[in-house]
Every structure is written in C-alpha cells, then in structure tokens.
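Structural characterization, general
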Amino acid sequence: MMNPTIVKLDEMRVAGLQIRTTNEAECGPNPKIGDLWRRYYQEEHPFKTPHQKEPGVVLGVYSDYDSDETGEYALLVGTVVEKNGELPAELTVKTLPASTYAVFTTRVGPMVEVVMEAWAKVWEWSHQPGNKRTFTGDFERYDGVRCADPDNAQVDLYIAISEE
C-alpha cells in the first residue's frame, strides 16, 4: 500500500443499518460487523434504498467515536442518499461533515483480508508524526466494479484528517 492520497469531500448523507462496537469486541467471540453486512445484503438495502446518489456503491461509515480507535464507535453500512429524500424508518441516517481525507487504496485480493490489512496500515500511519485523524467520520468505499468479485476486490478507505 502506498502513501495515502489527500482529498476534500463535501458533506454526505448516508442511509443504512447501524451498530455500535469496538475493535476489541470485533476480535472476540461475538463480533457484530460481519452480521451487519450480511443483514444489509440479505434485506436487499443496496437495491431498495430510495434516493441513492451512487447506485452500486456501498459505504461502511465509522463515526460517533468515544475516543480513538481503541474506544467504542458506530458502524453504519449504507449508501449515499440525496439530502432531502424521504427514507424508510428502519434506516439510520448519518451526515458526514465536509472533510479532508487521507485515502488508502487496498491491493486486489480477498475483500475481508485486504480491508483488515488496510486498517492495520491506517493505524500505523496515524501514529506517525504529522498525521492526525479527526475521528469525525471515516468510511470504506465499495464500488460495484472493483468489489464485484469478493475474492478479487479493491477497496478505498477514507480517513478524516486534520489539515494542521
């Protein structure tokens, strides 16, 4: 994985299903993240969520951090939707503020494996001098082209950073 690309993005409204967890809990006997993703697809949310801005693109949004990567956070699996569209009551809506992001692109490989590798790189990178995460909202971006084959996927991780 190369050094991240720096991009600025406008505010985004994302609608989907949400849980709260910790990285420690995800390594334990009762992880929640895999079940959240399965439920999202089993209930066909990528296809039936109205007002999608980018059909075929699914985000894993990390937000509402208690502290940093060691604390509790919310994970919402969903799609970017129009700002004013009506949405089903079962969906949680999260607005990510306009931010500057460090974008990490995974190698091509098994989806779960490359995403875990990328997060390890993010954590390593974020502890280097001069790299400051804001913990205002980060996301994984899964598009319908590079992620069509889960055994040969490439994913982008967007990490909100301070421009100091």
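Everything below is about the structure printed above this text.
Quantities reported herein were computed from a predicted structural model and do not represent experimental measurements.

1. Comments concerning helix α2 (residues 33-42)
Of the residues making up α2, those classed as buried are I33, L36, W37 and Y40. Down the axis of α2, the sector holding all buried residues measures 95°, keeping them to one side. Residues of α2 that are buried sit in contact with β2 (12-21), α1 (23-26), α3 (45-48), β3 (58-63), β4 (73-80) and β7 (138-142). Following α2 by one or two positions, E44 has its phi on the positive side, about 60°.

2. Focus: unusual backbone geometry
Phi angles above zero are rare outside glycine, and E44 is one such case at about 60°. Turning to its location among the elements, E44 is positioned in the loop between α2 and α3. Taking relative accessible area as the criterion, E44 reaches 47% and is therefore assigned partly exposed. At D64, a position not held by glycine, the phi torsion is positive, near 50°. Among the secondary structure elements, D64 is positioned in the loop between β3 and β4. The class of D64 is partly exposed, set by a relative accessible area of 39%.

3. A few points about the pattern of salt bridges
Considering all chains together, one arrives at 13 salt bridges under this definition. Between R38 and D35 there is a salt bridge, with its nearest N and O atoms 2.6 Å apart. Separated by three residues within a single helix, R38 and D35 lie in helix α2, roughly one turn from each other. Taking the shortest distance from any N to any O, the salt bridge between E113 and R107 comes out at 2.4 Å. Taken together, the shared-partner salt bridges in this structure form one network comprising E54, R141, D143, R146 and D156.

4. Brief notes about the environment of P50
Following the sequence through the fold, P50 ends up in the loop between α3 and β3. On the accessibility criterion, P50 (26% relative accessible area) is partly exposed. In this structure the C-alpha to C-alpha distance between P50 and A148, which are 98 residues apart in sequence, comes to 21 Å. When residues no more than four places from it in sequence are discounted, the contact partners of P50 are V81, E86, L87 and P88.

5. Let's talk about the pairing of β7
Burial within β7 is extensive, with five of its five residues counted as buried. Going residue by residue along β7, you find D138, E140 and Y142 tucked away on one face and F139 and R141 tucked away on the opposite face as well. Looking at chain direction, β3 and β7 are connected through five bridges and run antiparallel. Bridge pairing in β7 places V61 opposite F139. Pairing geometry for β7 and strand β8 (residues 156-161), over three bridges, is antiparallel. Within β8, the position partnered with E140 by the bridge is L157.

6. Describing the pairing of β2
Each regular strand carries side chains that alternate between the two faces of the sheet. With eight of 10 residues buried, β2 is to be regarded as a mostly interior element. The sheet contact formed by β2 and strand β5 (residues 92-96) spans five bridges and is antiparallel. Across the sheet, residue M12 finds its bridge partner in β5, namely L96. Relative to β4, β2 is paired through eight bridges, and the arrangement is antiparallel.

Rules of the game
Residues numbered from 1 in each chain as written. Predicted model: local features only at pLDDT ≥ 70, side-chain atom pairs only at ≥ 80, totals over all residues. Heavy atoms only, no water. Buried < 20%, exposed > 50% of the residue type's maximum accessible area, 1.4 Å probe, protein only. Helix = DSSP H or I, 4+ residues; strand = E, 2+ residues; numbered from the N terminus. Arc of directions from axis to C-beta. Contact = heavy atoms within 4.5 Å. Salt bridge = Lys/Arg side-chain N within 4 Å of Asp/Glu carboxyl O. Pairing = 2+ DSSP bridges.

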